[in-house]
Amino acid sequence: MEPVRLERHGPIAVIVVDHPPVNALSHPVRAGLLGAILEADADRGIAAIVVHGAGKNFIAGADIRELEQTPRAPLLNDVLMRLESCSKPVVAALHGAVLGGGLETALACHYRCATPDARLGLPEVKLGLLPGAGGTQRLPRLIGAKRALEMMVSGEPIGREEALALGLVDRPLPEGDPLAGAMEYARELVAQGAPPRRVREKPLPEPLPDEKFFAEFRRSLPRSARRSAAVDRIVQCVEAARSLAFEEGLALSRQLFEECRASDESAALRHLFFAERSASRSGGGSPREVRSVCVVGAGTMGSGIAAACAMHGLQLALVDREQGALESGMARLRSAVESAAKRGRLDEGGAAAVLERVTTARNLDAARDADLVIEAVYENLALKQEVFRQLDGICRPGTVLATNTSTLDVDAIASATRRPQDVLGMHFFSPAHVMRLLEIVRGRATSPDSLATALAVGKRIGKLGVVVGNCFGFVGNRMLYAYGRENQLMMLEGVPPERIDAVLEEWGMAMGPNAVGDLAGLDVGYRVRRERRDLPDDPRYFRVFDLLAELGRYGRKTGRGVYLYEGEKRERRPDPEVRELIRAEAARLGVAQREVSDAEIVERCIYALINEGARILEEGIASTAADIDVIWCNGYGFPRTRGGPMFHADRLGLTTVLDGIRRFAREQGERYWQPAPLLVRLAAEGKTFGAWRRAADAAD
Ligand code: 3HC
C-alpha cells in the first residue's frame, strides 16, 4: 500500500500518511506527501486540505534509520515549503505523537487542531540533532523565542492543553480519531473565507530577544546541555531567526543539521535509540498474565520495587518478618508515591488509589496468590535460598519467582526450589522506583515464558529490561569491578581520588567512581567481597575502599567515605586525611608513586571496561554489544553521547583499544591486562563489536 494517499470528501482533500508503525517521514512518505500536496493544491474542486496520520499517531518525525544515509530528495524542508505555500487553507489533524519532523509538518500547515492525547515536541536534541525542517525558524515565530528554545533544548513534548495556551494548537478536538473534527474545522474555515496563514511570514513576537537574552539562556543551561553541540547549534538557529530572513535562517539550520547528523554524538544517540528498543524484546517466550506481585523484604530496594509496581497498577503485597522493617518500608513507599503524585506522574485516583492496592504481611503466606514474587532480602545466598525453599511450598504452579540480587548465583538460588524453570533474577537499581534499568537474569533452567513475563512486567512498571546471563555481577556489576579496579590501583599509585573523579566526569561519566562508591555505601561492596571466593590474590585489589570501610567511613550515609560530606548541603569535599591514609597504605604494600596523565586515567578505566565487556559478550552473558551499551548508559552513568562502552570502542577502532591494552600490559604487568580473545580476533579482522553475533545466533 502507498504510504500516502489523497482522499476527496467533497471540497475537502485529506492527505493520509499511513506508514506504520509511527508514520515516520521516510523517503517514500516525503515523495508521497509532495505528490499529494501538488495534486490537491492544483485541484480547483478542492477548497481546503487536511493532513492526517493514520493509526495512533500524527507523525513521529524523520525516519531515524534513514539518518545514517545522505538525505535523498525530496527533502522534508522542500516538501514543507511547498505545503506552506498552498493557496487554500491547510489543517493539521493532530493526535498521538506529533514529534520532530511531525511537529515541523504541523507548523507548515496553516491551522492546527488536536485531540487530548496529542503530544507535541521537538525531541531531536535527544538524538544529537536540531530540528532540521524549519522547526527552529517557525516555532519561535509562533510561540516566542524563549518557550521555543526551552522545548527544543529539553526535547520534552508538551500536552494539548499547553499547546492550546501557547497558540501552537488553534482548536481542541474531542477524544478519538481527529479526522472528523479536522474536516469539520476545514469546512468552517472555507465557509468563513479564512486565508492560508503562513508561520514563515510572521515576525518574531515582541519583545524581540536581544544578545543578552541569548547569553543568559546559554548560561542558564545545565552542564550536560552546555556540552552538547546540538544544543549550541539550536541556540544559534534561534539567534538567526531574530536577525535573518526566514529562508536564510532555514538554510543555516539545514547546514547545522547536517553537521549534527554527521557527528559522533548523534551517531551514538541514534545507536542507543534502537538499542534500547531491541533490548527489551522477549526472545520468543509468551508472557504470563501478572496482576499481583508479592515483594519479599521491605528494605530500601524492596520498598522501592513495591512502589514501582503499585504505581503502575499492580496489586502489591509487601512482606517482611520484622514489624519495624515493614513500617519503615511502608513509610518509604508512601513518600515515593506521594512525591510521584506531586509531580503529576500518577494516573487517575492519585496516591490514594495506589496505596489502596498495597497490603502488608509478616508471613510469606501472602505470596500464595501472587503471579510474580520478587525477593529483595539481604544479599546473602543462604538467606535467599531459604526464602525460595519456602516460596516453593507456598506459591501456585506457574508463579514466576524472581530474586533481586546484584551479584549472587541465580542457579544456586533456583536449586532451592523444584521449579527452576520459573526462577530468574530481576536486578533493580537503586532507587528502584526511579532508575530505569532492570537486568533480567536468565538461569540455566529459566524458561522463555518466565523471561517474557519479567520483561513484560518490567515494561509495565516503566523499566528498561535487558536479559543477561548468570555470572558474578551479571553484565553491569561485573564490568564495574574491572573499571573500579583501575580506580583503586591508580589511587594507590598516588592519584588523588578527587582527580580521578574530576577527569572521568569531564570525559562524560555522570559521576566519578569514588563519588559513586560513597553514594552506594563502601560497606556494601566490602561485604560482597568478603563473601567472594574468586577474588584475585592481590593485596592491592579494592584495597582503598576496603580500608575506608574498615574504618567505618561508609560514604555519604556516615558523612565520611572517600570524601567528606559536611555542612548543610553535605556536598562532597576532598579529605586530606584520606590522601594520607592511601599514601601510607601504598607504602605498606610497596606500591611505587608515579605521575599519571589525564589520558591514562580515562584509558585505564575505559579500556578495562571494554575488555571485560568483550569477555561478557563472547561468553554470552550479554546477547549483543548493544545490550551492554544500554546497561551502562542507563544504570552506570556512562555518557549517552558516547553511545556506551562497546559503541565507543567501535568508534575508537578496536586496534586502538587493543594497542592500549597491550601497552598497559607492558607497563603494569599482564595480570589485569590480558586482552579478551574476541577483541584480539575482531581487531585483526577489522570488524566491530556492534556487528558481531555468536555463531549460534547468527544462524537463527
Ligand atoms: N524513525 C524510525 N523508527 C521509529 C521512529 C522514527 N522516528 N519512531 C519510532 N520508531 C520505531 C521504533 O524503533 C519501534 O520499532 P520496532 O517496533 O521495530 O522496535 C516502533 O517505531 C515503535 O516505537 P516505540 O517502541 O518507541 O513505541 P512507543 O509507542 O513506545 O513510542 C514514539 C512511540 C513516542 C513515537 C517513540 O517511538 C518516539 O519517541 N520516537 C522517536 C521520535 C523522534 O525522536 N522523532 C524525531 C526524529 S528526528 C527528526 O524528526 C528530524 C527532523 O527535524 C528533520
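The model shown is predicted, which means the values in this text are computed figures rather than measured ones.

### Re the domain arrangement of the chain
Turning to step 1, where the next piece is worked out: Considered domain by domain, the chain is made up of domain 1 (4–262), domain 2 (292–468) and domain 3 (476–699).
Turning to step 2, where the next piece is worked out: Relative to domain 3, the C-alpha centre of domain 1 lies at a distance of 44 Å.

### Observations concerning the site of the ligand
Turning to step 1, where the next piece is worked out: By nearness alone, 22 residues border the ligand, and A62, E104, E124, R277 and R281 come closest of all.
Turning to step 2, where the next piece is worked out: With respect to the ligand, the backbone of G132 contributes an N or O atom lying 3.0 Å from an oxygen atom.
Turning to step 3, where the next piece is worked out: The set of elements that each furnish at least two residues to the shell around the ligand consists of strand 5 (97–99), helix 3 (101–108) and helix 12 (264–279).
Turning to step 4, where the next piece is worked out: Ranked by residue count, the leading element in the shell around the ligand is helix 12, at three residues.
Turning to step 5, where the next piece is worked out: Residue composition of the shell around the ligand, grouped by class: 13 nonpolar, four polar and five charged.

### Re the sheet that holds strand 3 (residues 48–53)
Turning to step 1, where the next piece is worked out: Spatially, six strands are ordered 1-2-3-4-6-9 in an open sheet, and the strand pairing comes out mixed. Whereas interior strands pair on both sides, the edge strands pair on one side only; in this sheet they are strand 1 (4–9) and strand 9 (171–172).

### Overview of a nonpolar patch on the surface
Turning to step 1, where the next piece is worked out: Taken together, the side chains of M511, V516 and L519 make up a nonpolar region of the molecular surface, amounting to roughly 230 Å² of accessible area.
Turning to step 2, where the next piece is worked out: Mapped onto the secondary structure, V516 falls in helix 21 (residues 513–520).
Turning to step 3, where the next piece is worked out: Judged by relative accessible area, V516 falls into the partly exposed class, the value being 35%.

### Details of unusual backbone geometry
Turning to step 1, where the next piece is worked out: Of note, the bond from E206 into P207 is cis; its omega dihedral lies within 30 degrees of zero at -10°.
Turning to step 2, where the next piece is worked out: Mapped onto the elements, P207 comes out in the loop between helix 7 (179–192) and helix 8 (211–220).
Turning to step 3, where the next piece is worked out: Between S430 and P431 the backbone carries a cis peptide bond, its omega angle lying at -10°.
Turning to step 4, where the next piece is worked out: Looking at where P431 falls in the secondary structure, it is placed in the loop between strand 15 (423–428) and strand 16 (437–441).
Turning to step 5, where the next piece is worked out: Residues other than glycine seldom take positive phi values, yet F542 does so here, at roughly 50°.

### Some words on helix 11 (residues 246–261)
Turning to step 1, where the next piece is worked out: Compared with an ideal rise of 1.5 Å per residue, which puts 16 residues at 22 Å, helix 11 spans 22 Å between its outermost C-alpha atoms and is within 8% of the ideal.
Turning to step 2, where the next piece is worked out: All of the buried residues along helix 11 are F246, G249, L250, S253, R254, L256, F257, C260 and R261.
Turning to step 3, where the next piece is worked out: Residues of helix 11 that are buried sit in contact with helix 2 (76–84), helix 4 (135–143), helix 10 (229–243) and helix 12.

### Structural notes on the sheet that holds strand 8 (residues 158–159)
Turning to step 1, where the next piece is worked out: Spatially, 5-7-8 is the arrangement adopted by the three strands of the open sheet, whose pairing is mixed. With one partner strand each, in any of the chains shown, strand 5 and strand 8 form the two edges of the open sheet.
Turning to step 2, where the next piece is worked out: Of the pairings in the sheet, the one linking strand 7 (residues 119–121) to strand 8 comprises two bridges and is antiparallel in character. Bridge assignment links R119 to a residue of strand 8, and that residue is G159.

### Digging into the packing of aromatic side chains
Turning to step 1, where the next piece is worked out: A complete count under the given rule lists 15 aromatic pairs for this structure.
Turning to step 2, where the next piece is worked out: Seen from their ring centres, F273 and F274 are 5.0 Å apart, and the 90° between their planes marks the pair as edge-to-face.
Turning to step 3, where the next piece is worked out: Given the relative accessible area of 23%, F273 is considered partly exposed.
Turning to step 4, where the next piece is worked out: A relative accessible area of 24% places F274 in the partly exposed class.
Turning to step 5, where the next piece is worked out: Over the face of the ring belonging to F274 we find R65, whose NZ or CZ atom lies 4.0 Å from the ring centre.
Turning to step 6, where the next piece is worked out: Note that R532 overlies the ring of F472, its terminal NZ or CZ placed 3.5 Å from the centroid.

### What to know about the side chain of E493
Turning to step 1, where the next piece is worked out: Residue position: E493 is located in the loop between helix 19 (476–492) and helix 20 (497–507).
Turning to step 2, where the next piece is worked out: Classification of E493 as buried rests on a relative accessible area of 7%.
Turning to step 3, where the next piece is worked out: In terms of polar contacts, E493 uses its side chain to reach the side chain of R604, at 2.9 Å.

### Some thoughts on the pairing of strand 13 (residues 372–375)
Turning to step 1, where the next piece is worked out: Of the two faces of strand 13, the one lined by L372 and I374 and the one lined by V373 and E375 are each fully buried.
Turning to step 2, where the next piece is worked out: Sheet topology note: the strand 10 (residues 292–296)/strand 13 ladder contains four bridges and is parallel. If you follow C294 over to strand 13, its bridge partner there is V373.
Turning to step 3, where the next piece is worked out: Bridge count between strand 13 and strand 14 (residues 400–403): four bridges; the pairing is parallel. Among the inter-strand pairings, E375 is bridged to a residue of strand 14, identified as T403.
Turning to step 4, where the next piece is worked out: With respect to chirality, the unit in which strand 13 leads through helix 16 (residues 381–394) into the neighbouring parallel strand 14 is right-handed.

### What to know about the packing of helix 22 (residues 522–531) against helix 23 (residues 543–550)
Turning to step 1, where the next piece is worked out: Relative orientation of the contacting elements helix 22 and helix 23 amounts to 110°, with a least axis distance of 9 Å. Overall, the two elements helix 22 and helix 23 adopt an arrangement that is roughly perpendicular. Of the residues in helix 23, those in contact with L522, D523, Y526, R529 and R530 of helix 22 are F545, D546, L548, A549 and E550.
Turning to step 2, where the next piece is worked out: Split by residue class, the contact of helix 22 with helix 23 holds five nonpolar, no polar and five charged.

### Things to note about helix 3
Turning to step 1, where the next piece is worked out: With eight of eight residues buried, helix 3 is to be regarded as a mostly interior element.
Turning to step 2, where the next piece is worked out: Along helix 3, the positions that sit buried rather than exposed are G101, G102, L103, E104, T105, A106, L107 and A108.

### Here we look at the pairing of strand 6 (residues 111–114)
Turning to step 1, where the next piece is worked out: Side chains Y111 and C113 project from strand 6 onto one buried face, and the interleaved R112 and A114 project onto a second face that is buried too.
Turning to step 2, where the next piece is worked out: In this sheet, strand 6 lies alongside strand 4 (residues 90–94) in parallel orientation, the contact comprising four bridges. Considered in strand 6, the bridge of A92 is made with R112.
Turning to step 3, where the next piece is worked out: Note: strand 6 against strand 9, two bridges, orientation parallel. Counterpart to A114 in the pairing with strand 9 is P172.

### Some points on the pattern of salt bridges
Turning to step 1, where the next piece is worked out: With the rule as written, the count across this model stands at 63 salt bridges.
Turning to step 2, where the next piece is worked out: Between R8 and D43 there is a salt bridge whose closest N-O contact spans 2.9 Å. Taken as a pair, R8 in strand 1 and D43 in the loop between helix 1 (27–42) and strand 3 lie far apart in primary sequence, 35 residues in all.
Turning to step 3, where the next piece is worked out: Of the residues examined, R8 reaches a relative accessible area of 43% and is grouped as partly exposed.
Turning to step 4, where the next piece is worked out: A salt bridge links R389 to E386; the shortest N-O distance between them is 2.9 Å.

Conventions we followed
Residues numbered from 1 in each chain as written. Predicted model: local features only at pLDDT ≥ 70, side-chain atom pairs only at ≥ 80, totals over all residues. Heavy atoms only, no water. Domains from an automatic or database assignment. Near = heavy atom within 4 Å. Polar contact = N/O pair within 3.5 Å; in protein donor to acceptor, adjacent residues only side chain to side chain. Helix = DSSP H or I, 4+ residues; strand = E, 2+ residues; numbered from the N terminus. Nonpolar A, V, L, I, M, F, W, Y, C, P; charged D, E, K, R; others polar. Pairing = 2+ DSSP bridges. Patch = residues over 30% accessible without salt bridge, like charges linked within 9 Å, V, L, I, M, F, W, Y side chains within 5 Å. Areas by Shrake-Rupley, 256 points an atom, 1.4 Å probe, with all protein chains shown as cover. Salt bridge = Lys/Arg side-chain N within 4 Å of Asp/Glu carboxyl O. Buried < 20%, exposed > 50% of the residue type's maximum accessible area, 1.4 Å probe, protein only. Expected span 1.5 Å × (residues − 1). Contact = heavy atoms within 4.5 Å. Phe/Tyr/Trp six-rings, centres within 6.5 Å; stacked < 30°, edge-to-face > 60°. Lys NZ or Arg CZ within 6 Å of the ring centre and 35° of its normal. Right-handed = clockwise from strand over helix to strand, strands pointing away. Axes fitted to C-alpha atoms, helices over the stretch in contact; angles between N-to-C directions. Parallel < 35°, antiparallel > 145°, perpendicular 65-115°, else oblique.

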